[in-house]
Number of protein chains: 2
Amino acid sequence: MTAPREPVDLAKAYRLLNHGPTVLVSAAADGRRNLMAAAWAMPLDFAPPKVAVVLDKATYTRRLIEASGEFVLQVPVRAQLDLVDALGNVSGTDEEALGGRDKFDAFGLATFAGSATGAPLLEGCAAWLECRLLPEPPIQQRYDLFLGEVIAAQADPRVFSAGRWHFDGHDDLRTLHHVAGGHFIVDGEAVDARPLAPRPR
Amino acid sequence: MTAPREPVDLAKAYRLLNHGPTVLVSAAADGRRNLMAAAWAMPLDFAPPKVAVVLDKATYTRRLIEASGEFVLQVPVRAQLDLVDALGNVSGTDEEALGGRDKFDAFGLATFAGSATGAPLLEGCAAWLECRLLPEPPIQQRYDLFLGEVIAAQADPRVFSAGRWHFDGHDDLRTLHHVAGGHFIVDGEAVDARPLAPRPR
C-alpha cells in the first residue's frame, strides 16, 4: 500500500524545505540510480523555486546529477530514521557493502516515477522536489555546491497541505534534522509569532 | 544578567546549523549595524567550517556585509519567537517604522562583542558563528547567495556542549524553524539511528 501524495503548488514548494530538514538526494543516469542523505540543503528562491545542496566530490549521486542534469530532493520521516542514517553511511560505489546491487535493491526500497525528471522518488517520504540542475561549474568544483530549479513538487497530504506542515497525530511522519553521527532532532511543536512593534520613542 | 556562553571548537561549529534552524544575520560597517532573520542558511564545509546564506538584494544587512566583509549567524530560540518574526518583517532601512533608530535600539536589544569580527552578537540566542565573507560576486549577484568561513563560534552550554544539542529541561531555548508567515516549528525529540545493514543476498 502506498501512502497518499498530492502535487504541491510550485509557489509554495520552498516551504517543504524552509524548516531545514535533512533530505535524501536521488538521481539516475545511463541506467544507474542512487540515493544519498544530505543535511546541507536549503531553498534558494521563491519563484521560480530554487534549491541549493552540498554534494561531496566522492558521492556517486553527484556523478549521476552531473550526467543527467537533474535530481530529486525528498524529505524523509521519522519512520525512516535508520534508513536515512544508513544511506548516509554507505556509498553507492561500495560494491562489497551493497553486494553488487544498487542502494534501492540492497535496502529493499520502493520507488515511484516523478512527473518531470527521470530520477527515482522514494516511497514513504513526506515530500518530493524534482529539480533541474542549474549548472554553475565554478561553485560546484570549489564548494561542492549544487543549485537546482524545482520543476515539480509533491507531498503527503496527511502532514503537508495548503502550504503548511501539520504533524499532530502523525509522529512517524515528522521530518528529521541531523546533528551528527546518526543523532537527529525530530520536528516538535508548531508555534505562531505574535506581532511585536518597535518600542515607542 | 547575561546567559552563559562558551566557545565551540571550530571542527564542531557546523553542528550549530546542521539541524537547519532559522538564523539571525548581523553585520556592521561604517558605524552602522543591522540584524535580519534568514531561514535559508546552511553549513557548507567542515574544516575550515563554511556556511551559505541567502540575502535578498533589498536587505540592509547585505549592504553592511558587502562593505565590511564579515557577518555573524546567530541561532535564536523559542523565547525570541516574536522578535525573530518582527526582525524578518521590518527593514533596517525603514526609518519610519524604526523611528529613526537602528533595529537594536528600536527593539531594545542587548548585544555583546564577538572575538573575531566587528558585527554585533545578539544576547539570548543559543549559538553564534562569526564569519568572514568569501567573496563570490557572480553567485551573490545571480542568486543572492553569500558564502562565509566561520572563524569563531560560541554556544549556550545549557543547550549545546560536547558537539551536541540537549534541549531537555530548556524548552525556551529550543531553536526555531520557520515555515512561512510567522509560523515556526520548534525542535522536538532527539533520536538516534540504529545500524541498518543491506539485506542479505
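The rules we used
Within any chain, residue numbers begin from 1 and follow the written order of that chain's sequence. Chains carry letters from A onward and ligands carry numbers from 1 onward, assigned in written order. Note on the predicted model: pLDDT of at least 70 is required for a residue's local features to be given, and 80 or more for side-chain atom pairs to be given and counted; whole-chain, interface and lining totals, by contrast, use all residues. Hydrogens are left out, water is left out, and the side-chain values use all remaining heavy atoms of the structure. By definition, any uninterrupted DSSP run of H or I lasting at least four residues is a helix, any uninterrupted run of E lasting at least two residues is a strand, and each is numbered from the N terminus. With a 1.4 Å probe rolled over the protein chains alone, any residue whose accessible area is under 20% of its type maximum counts as buried; one over 50% counts as exposed, and the rest are partly exposed. Any pair of nitrogen or oxygen atoms within 3.5 Å is treated as a polar contact; in protein, a donor-acceptor pairing is required on top of that, and neighbouring residues in sequence qualify only through side-chain atoms on both sides. The superposition of copies rests on a least-squares fit of C-alpha positions from residues with pLDDT of 70 or more in both. Residue contacts follow a heavy-atom distance rule, with two residues in contact if any of their heavy atoms lie within 4.5 Å. Note on pairing: two strands pair once DSSP finds at least 2 bridges between them. For helices, the axis comes from a line fit to the C-alpha atoms of the stretch in contact; other axes are also lines fit to C-alpha atoms, and the angle between any two N-to-C directions lies between 0 and 180 degrees. Buried area counts how much accessible surface, traced with a 1.4 Å probe, disappears from two parts once they are put together, with both parts' losses summed. A pair is scored as a salt bridge if a Lys or Arg side-chain nitrogen falls within 4 Å of a carboxyl oxygen belonging to Asp or Glu. Stacked, tilted and edge-to-face pairs are distinguished by plane angle, under 30 degrees for stacked and over 60 for edge-to-face with tilted covering the rest, among Phe, Tyr and Trp rings (Trp via its six-membered ring) whose centres lie within 6.5 Å.

A separate point is the side chain of B:Ser26. All names here are of chain B. Its location among the elements puts Ser 26 in strand β2 (residues 23–29). For Ser 26, a relative accessible area of 0% translates into the label buried. Separated by 2.9 Å, the side chains of Ser 26 and Gln 74 make a polar contact. For Ser 26, the side chain forms a polar contact with the main-chain oxygen of Pro 120, separated by 2.6 Å.

What follows covers the relation of the copies chain B and chain A. Take chain B, turn it by 180°, move it 0.0 Å along the axis, and it overlays chain A with an RMSD of 0.0 Å. Seen this way, the second copy is the image of the first under a two-fold rotation axis. An overlap of 100% is found between the interface residues of chain B and their copies at the interface of chain A, pointing to a shared contact surface.

Another point: the sheet that holds strand β14 (residues 183–192) of chain A. Remark on secondary structure: sheet strands pair via backbone hydrogen bonds, oriented parallel or antiparallel. Taken in spatial order, the 4 strands make up an open sheet running β13(A)-β14(A)-β14(B)-β13(B), and their pairing is antiparallel. Each edge of the open sheet is held by one strand with a lone partner, namely β13 (176–180) of chain A together with β13 (176–180) of chain B. Sheet twist, expressed as the average angle between the axes of neighbouring strands with direction ignored, equals 40°. By the bridge criterion, 7 bridges tie β14(A) to strand β14 (residues 183–192) of chain B in an arrangement that is antiparallel. Counterpart to A:Asp192 in the pairing with β14(B) is B:His183. Against the sheet, helix α2 (residues 81–89) of chain A engages β13 and β14 of chain A together with β14 of chain B, with an angle of about 125° to β14(A).

With that out of the way, let us pick up the interface of chain B and chain A. The figure often quoted for interface size is the accessible area lost as the parts come together. Counting residues at the interface gives 67 residues for chain B and 67 residues for chain A. Of the roughly 5,800 Å² buried between chain B and chain A on both sides combined, carbon and sulfur atoms contribute 59%. Counting every contact that joins chain B to chain A gives 6 salt bridges. Run the count over chain B and chain A and you get 36 residue pairs in polar contact (both at pLDDT 80 or more). Looking at the side of chain B that touches chain A element by element, the count peaks at 10 residues for β14(B).

The next subject is the packing of aromatic side chains. One pass over the full model with this rule turns up 12 aromatic pairs over all chains. For the ring pair A:Phe46 and B:Trp40, a centre distance of 4.7 Å and an interplane angle of 45° mean the geometry is tilted. On the criterion of chain membership, the pair formed by A:Phe46 in the loop between β4 (41–45) and β5 (50–54) and B:Trp40 in the loop between β3 (32–38) and β4 (41–45) is interchain, its members lying in two chains. Under the relative-accessibility criterion, A:Phe46 is labelled partly exposed at 44%. Residues A:Phe112 and A:Trp128 carry aromatic rings whose centres are separated by 5.3 Å and whose planes lie at 80° to one another, so their mutual orientation is edge-to-face. Of the two residues, A:Phe112 is situated in strand β7 (residues 111–113) and A:Trp128 in strand β9 (residues 127–134); the sequence distance between them amounts to 16 residues.

Within α2(A), 7 of the 9 residues are buried, which leaves the element mostly enclosed by the surrounding structure. Three or more residues of α2(A) are buried, namely A:Leu81, A:Asp82, A:Leu83, A:Val84, A:Asp85, A:Ala86 and A:Leu87.

All names here are of chain B. Topologically, Val 75 is positioned in strand β6 (residues 70–75). According to the relative accessible area criterion, Val 75 is buried, its value standing at 0%. Sequence separation of Val 75 and Ala 126 is 51 residues, and the distance between their C-alpha atoms is 5.5 Å. Discounting residues that sit within four places of it in the chain, Val 75 has contacts with Leu 16, Leu 17, Pro 21, Thr 22, Cys 125, Ala 126, Ala 127 and Thr 175.

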